[in-house]
Structure formats: structure tokens, C-alpha cells
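# Observations on the model geometry
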Amino acid sequence: MIEILNKAELSRAKDAGALVANILQTMKSRARVGTNLLDIDNWAKTMIADAGAESCYVDYAPSFGRGPFGHYICTAVNDAVLHGLPHDYALADGDLLTLDLAVSKNGIAADSAISFIVGEAQPTESVEMIRATERALKAGIAAAGPGVKIGDISYAIGRVLTDAGYPINTEFGGHGIGSTMHQDPHVPNMGRPGRGYVLRPGLLLALEPWVMVDTATLVTDPDGWTLRSDTGCRTAHSEHTIAITDDGAEILTLPN
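These numbers come from a predicted model, not from an experiment.

The next point concerns the environment of Met-1. Relative to the elements of secondary structure, Met-1 occurs in the segment before α1 (7–30). Once the C-alpha coordinates of Met-1 and His-182 are considered, the two residues, 181 residues apart in sequence, prove to be 9.3 Å apart.

Structural data, given as C-alpha cells:
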């Protein structure tokens, strides 16, 4: 399903996006050496409930996971990159943590992810990889607008990532979003310009460049959810929900 939102729905999308962004920034500020991933999940649960919103994850049971997910935020550490199932793990100095959150408020969902280093250690390779995903996300957003095709966004994202030297996996990528978290169109992180669905004002997209240092192959944890690099290398992931407007794209998941 491809969903085009009206003005009232777009207003609600902005509320959902601001909530997601603020929860992520709060979780980032609380994530210190020794913080348990289950604590982050509980904090997210409380903030979602206090805002009168609903988790898009807790009851989520797609074909690619061993559902339902049962938690409120994805917490991926080091070689984990996507769908990180919160578990009993205390963060260590220098860990690369990715937090991915999707929330529905007043019937509209927003989705965002951030990667950052915990503690004082700042491994250069990890910092550079995070920055590459952020640059790719910025490029994808800059390419978006009415009349643009999905392939134009994918190409912009992929060019940044490949120029930075990272292999690209196209199994998982960006997606449409609206009254439900995952919708068409799929937005792979590599593509050919001038191809695919033509963007229209009112369409919401979650763009999410993610990479692994030296591989494009994922393996699934025994938990049935967490996806890791098959070589054990570190990973990074950046994501924003955007709205296609009459003259470009608006980022909905910026903290206020």
C-alpha cells in the first residue's frame, strides 16, 4: 500500500515525528557505560505511554522476525545493525549503539534511528562510519521532492556510501510510512536514477542508510530478530522520516 496523507494527517505526522526524535535524544543522553539495554527499553516504554502514543514494535510480527517483537525500541550494539532485540547487556566504553524507534500517535507513525559511541572512547573507524550514514541520509533527503523517482533517492544514498568504501545490502532499506509503520514503496540504499515510483506531496518516507564495515551479508541471532554482520565487523544506521512537500521534503523526526 502507498498512502498519501492529507493536511490533517501530516500535522499528526509532525507530532509523531517530534515525539520519536525527542525519545531518541533522551535515550542517547541516558546511555552511559554500564547502562543496561533493558533499561533503555523500559525508559522508551514509559515515554511512549506518557505521550499517549503507541509502540509500533511491541506487537510487531512480520515474516522476517520471530514475532511478536515484544519490546519498545531496537537496541543494536557493535556488530548488530538492524532489529536489535533489547536484552540483558550493560554498555561498555566504546560500544557503538544504534537506537531505532517507531511510534504511532493519533493514528500516524514516524520512524527514526541514530548511531553513536558510548563513553569516552571514540574509535576512528566507527565514528567515520556513523558520519558516512549521516551524510548519505542527508543526500537522500536532498534528492527527495515531488516528481522525483525512488531510484533518484536510492542513487544519492548509495553514491555516498560506496564513495566512502562500504558494501551495500539492499535486502533492508527505507520504506513508506503513514497509518502503519512499514508500507510501500521500498527505498533501497542503492539504485538507478530515473527509475521507480514517482513521489507525490503527502507521501511519507522513512529513509535509512545503514552499512557494515567490510561485508554486505547479514546473519540472524538465535533470538530470531537481531541482524548482525556475518564477519563480526561494526555497523551503523541513520534514519529520518520525511514528508514530500510541494517544493521538496520536510524532515519530521528532528528533535525540538
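Inspection of the secondary structure assignment puts Asn-189 in the loop between β7 (183–187) and β8 (204–207). Of note is the side chain of Asn-189, whose polar atom sits 3.1 Å from the backbone oxygen of Glu-208. Sequence-distant contacts of Asn-189, defined by excluding residues within four places in its chain, comprise Ser-154, Ile-157, Gly-158, Leu-161, Ile-168, Phe-172, Gly-173, Glu-208, Pro-209 and Trp-210.

Glancing now at the pattern of salt bridges. With the rule as written, the count across this model stands at 3 salt bridges. Arg-228 is the partner of Asp-79 in a salt bridge, and the nearest nitrogen-oxygen pair spans 2.7 Å. Taken together, the residues span a long stretch of sequence, with Asp-79 in the loop between β2 (74–77) and β3 (80–82) and Arg-228 in strand β11 (residues 227–229) at a distance of 149 residues. The partner of Arg-228 in a salt bridge is Asp-221, with the nearest N and O atoms 2.7 Å apart. Beyond isolated ion pairs, a larger network of salt bridges with shared partners links Asp-79, Asp-221 and Arg-228.

A few words on unusual backbone geometry. The omega angle of the peptide bond from Gly-67 to Pro-68 is 0°, so this bond is cis rather than trans. Secondary-structure assignment places Pro-68 in the loop between β1 (54–55) and β2. Note the cis peptide between Asp-184 and Pro-185, where omega equals 0°. Here Asn-78, not a glycine, exhibits a phi torsion of approximately 60°, which is positive. Locating Asn-78 in the fold gives a position in the loop between β2 and β3. One non-glycine residue, Asn-106, lies in positive phi territory at about 55°. With respect to the helices and strands, Asn-106 occurs in the loop between β4 (96–105) and β5 (108–117).

Moving on, we come to the pairing of strand β6 (residues 174–177). Inspection of the sheet shows β6 paired to β7 by 3 bridges, in the antiparallel sense. Note on β7: the bridge partner recorded for Gly-174 is Val-187. Count of turn residues in the β6/β7 antiparallel hairpin: 5 residues. Pairing between β6 and β8: 3 bridges, direction antiparallel.

In this section: the environment of His-182. Along the chain, His-182 falls in the loop between β6 and β7. Judged by its relative accessible area of 36%, His-182 falls in the partly exposed class. Residues His-182 and Thr-26 lie 156 residues apart in sequence; the distance between their C-alpha atoms is 24 Å. When neighbours within four sequence positions are excluded, His-182 is seen to be in contact with Tyr-60, His-175 and Gly-176. A distance of 2.6 Å separates a polar atom in the side chain of His-182 from a polar atom in the side chain of Tyr-60. Side-chain polar atoms of His-182 contact the side chain of His-175, separated by 3.5 Å.

Now for the sheet that holds strand β10 (residues 218–220). Here 3 strands make up an open sheet; going across it, the order is β3-β11-β10 and the pairing antiparallel. Since the sheet does not close on itself, it has two edges, and those belong to β3 and β10, each with one partner. Within this sheet the neighbouring strands show an average axis-to-axis angle of 45°, counted without direction. Sheet topology places β10 next to β11; 3 bridges connect them, and they run antiparallel. Opposite Val-219, over in β11, you have Arg-228 as the bridge partner.

What counts as what
Residues numbered from 1 in each chain as written. Predicted model: local features only at pLDDT ≥ 70, side-chain atom pairs only at ≥ 80, totals over all residues. Heavy atoms only, no water. Helix = DSSP H or I, 4+ residues; strand = E, 2+ residues; numbered from the N terminus. Polar contact = N/O pair within 3.5 Å; in protein donor to acceptor, adjacent residues only side chain to side chain. Contact = heavy atoms within 4.5 Å. Salt bridge = Lys/Arg side-chain N within 4 Å of Asp/Glu carboxyl O. Pairing = 2+ DSSP bridges. Buried < 20%, exposed > 50% of the residue type's maximum accessible area, 1.4 Å probe, protein only. Axes fitted to C-alpha atoms, helices over the stretch in contact; angles between N-to-C directions.

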